[in-house]
Amino acid sequence: MRYALLLILSLWLNASCEDAISLDLPTSDSRLVIDALLGYNENNGNPIISGSVKLTLTAPFLAEEVPPALNGSVTIIDEETGQSYDLTESQPGIFGINFPEFEFNRDYTLMVSHKNQVYTATQQMYHSPTIDDVTQGDGFLFEEDETEVVVSFTDIPGEQNHYLFSFGFSNFLVVDDEFFQDAQLTFSYFYEDVVPGDLLSITIFGIDKDFANYANLALVQSGEDTGDGPFSVPPANIRGNIINTTNHNNAPFGYFAISEFDTKLLTVE
């Protein structure tokens, strides 16, 4: 668990030496974090499934690394057919997707087993629009060496929608269609530290309102530029949609979502 620590230092001006101070930071039992955002693209009859299921453990404040959750297992169940698919651990705590394809209007259950406890969440896949256009602009937000990318997409008509944009480099943006329902939206995103020749990947996911709220909280409290992404180790007070069916008092952190996605690539000029 991450903790905020307030240190009050008393400075003795007449001290003639420095003493080393050893701090006993508070600790607690680690909790499981399940990061499972899965993307699907029909790809003209050759389906693409992206993403993975990542299992980690909460770590004490000031820990240099987030430990993987070892000796776990991950299964995805198609609730309509009853078919279950055991995922393969490709790296410690990371399970790749060996699922043939997802279908709309069908329930899928994620089941994770770890240390004799079972965690589950059930979701359907949400539609995503395609990205109409991605171009490089010449504007900047704060610094002149920023790179502007102009993105255009058209809202899915006839319903309230929520979208998650990924701009690479662990940068995300949540958008809802309250002010542009059934219309096209064009907006600018500004990159730092990219140079001519860099390949940028801009992806849109269709998500539901609950995941949009969760993602917004994670982005606000964790920040966008967090290395592994703000959804990997969310702050302790953000609860996702995954429950512990063995022990309800030991709820995990994280979220399970299935989203249709579309991606456009842009080479920086």
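Here the structure is a predicted model, which means the values were calculated and not measured.

(A) Focus on the overall build of the chain. Counting its secondary structure elements, the chain contains 1 helix and 18 strands. Expressed as a percentage of the 269 residues in the chain, the buried residues total 42%. Long-range contacts, defined here as pairs at least 24 residues apart, represent 63% of the contacts in the chain between residues at least 6 apart. Total accessible area computed for the chain in this model is approximately 15,400 Å², and 48% of it derives from carbon and sulfur atoms.

(B) Local environment of the packing of aromatic side chains. Taken as a whole, this structure holds 19 aromatic pairs when the rule is applied. Judged by centre distance (6.4 Å) and plane angle (85°), the rings of Tyr-40 and Phe-102 are edge-to-face. Here Tyr-40 is found in strand E1 (residues 32-41), whereas its partner Phe-102 is found in the loop between strand E7 (94-96) and strand E8 (108-114), with 62 residues between them in sequence. The buried category is assigned to Phe-102, whose relative accessible area is 2%. Here the aromatic residues Phe-153, Tyr-163, Phe-165, Phe-167, Phe-169, Phe-180, Phe-187, Tyr-189 and Tyr-191 are joined through ring pairs into a cluster of three or more.

(C) Quick peek at the pattern of salt bridges. Taken as a whole and judged by the stated rule, the model has 4 salt bridges. Between Arg-106 and Asp-78 there is a salt bridge; the shortest N-O distance is 2.9 Å. Pair noted here: Arg-106 is in the loop between E7 and E8 and Asp-78 is in strand E4 (residues 73-78), with a separation of 28 residues, a long-range link. Looking at Asp-78, the relative accessible area reads 5%, which means it is buried. A salt bridge links Glu-103 to Arg-106; its shortest N-O distance comes to 3.2 Å. On the basis of relative accessible area, Glu-103 is assigned to the partly exposed category, the value being 36%. Overlapping salt bridges bring together Asp-78, Glu-80, Glu-103 and Arg-106 as one network.

(D) Representation of the sheet that holds strand E17 (residues 243-244). Pairing is antiparallel in the open sheet, where 5 strands are placed in the order E5-E4-E8-E9-E17. This sheet does not close on itself; its edge strands, each paired only once, are strand E5 (84-86) and E17.

(E) Here's a closer look at the side chain of Thr-109. Mapped onto the secondary structure, Thr-109 falls in strand E8. For Thr-109, the side chain forms a polar contact with the side chain of Glu-79, separated by 2.5 Å. Setting aside residues no more than four positions away along its own chain, Thr-109 makes contact with Thr-75, Ile-76, Ile-77, Glu-79, Thr-120, Ala-121, Thr-122 and Phe-256.

(F) Up close: the sheet that holds strand E15 (residues 184-191). Strand order in the open sheet made by the 3 strands is E11-E12-E15, with antiparallel pairing throughout. Of all strands in the sheet, those with a lone pairing partner are strand E11 (131-136) and E15, marking the two edges. Strand after strand, the sheet turns through a mean of 20° between neighbouring axes, direction not considered. Where E11 meets strand E12 (residues 147-154), 5 bridges bridge the pair, whose relative direction is antiparallel. Within E12, the residue paired with Val-134 across the bridge is Val-151.

Calculation notes
Residues take numbers from 1 onward in each chain, read along the sequence in its written order. Predicted model: local features are reported for residues with pLDDT of at least 70 only, side-chain atom pairs are reported and counted for 80 or more only, and whole-chain, interface and lining totals are derived from all residues. To obtain the side-chain values, all non-hydrogen atoms of the structure were included, while hydrogens and water were left out. Helix and strand definitions here come from DSSP, where helices need a minimum of 4 consecutive H or I residues and strands a minimum of 2 consecutive E residues; each element is numbered from the N-terminal end. To sort residues, take the accessible area from a 1.4 Å probe on protein chains only and compare it with the maximum for the residue type: under 20% means buried, over 50% means exposed, and anything in between is partly exposed. Should any heavy atoms of two residues lie within 4.5 Å, those residues are considered in contact. To be clear on the numbers: accessible area is Shrake-Rupley with a 1.4 Å probe, and residue cover counts the displayed protein chains and nothing else. Working definition: a ring pair exists when centres of Phe, Tyr or Trp rings (six-membered ring for Trp) sit within 6.5 Å. Plane angles under 30 degrees give stacked, over 60 give edge-to-face, the rest tilted. Salt bridges are defined by distance alone: a side-chain nitrogen of Lys or Arg within 4 Å of a carboxyl oxygen of Asp or Glu. Note on pairing: two strands pair once DSSP finds at least 2 bridges between them. The term polar contact refers here to a pair of N or O atoms within 3.5 Å; inside protein, the definition further demands a hydrogen-donor-capable atom paired with an acceptor-capable atom, and it admits residues adjacent in sequence only when both atoms are side-chain atoms. Axis lines are fitted through C-alpha atoms, for helices just across the contact stretch, and the angle between N-to-C directions can take any value from 0 to 180 degrees.

Worth remembering: the numbers are spatial, not functional.
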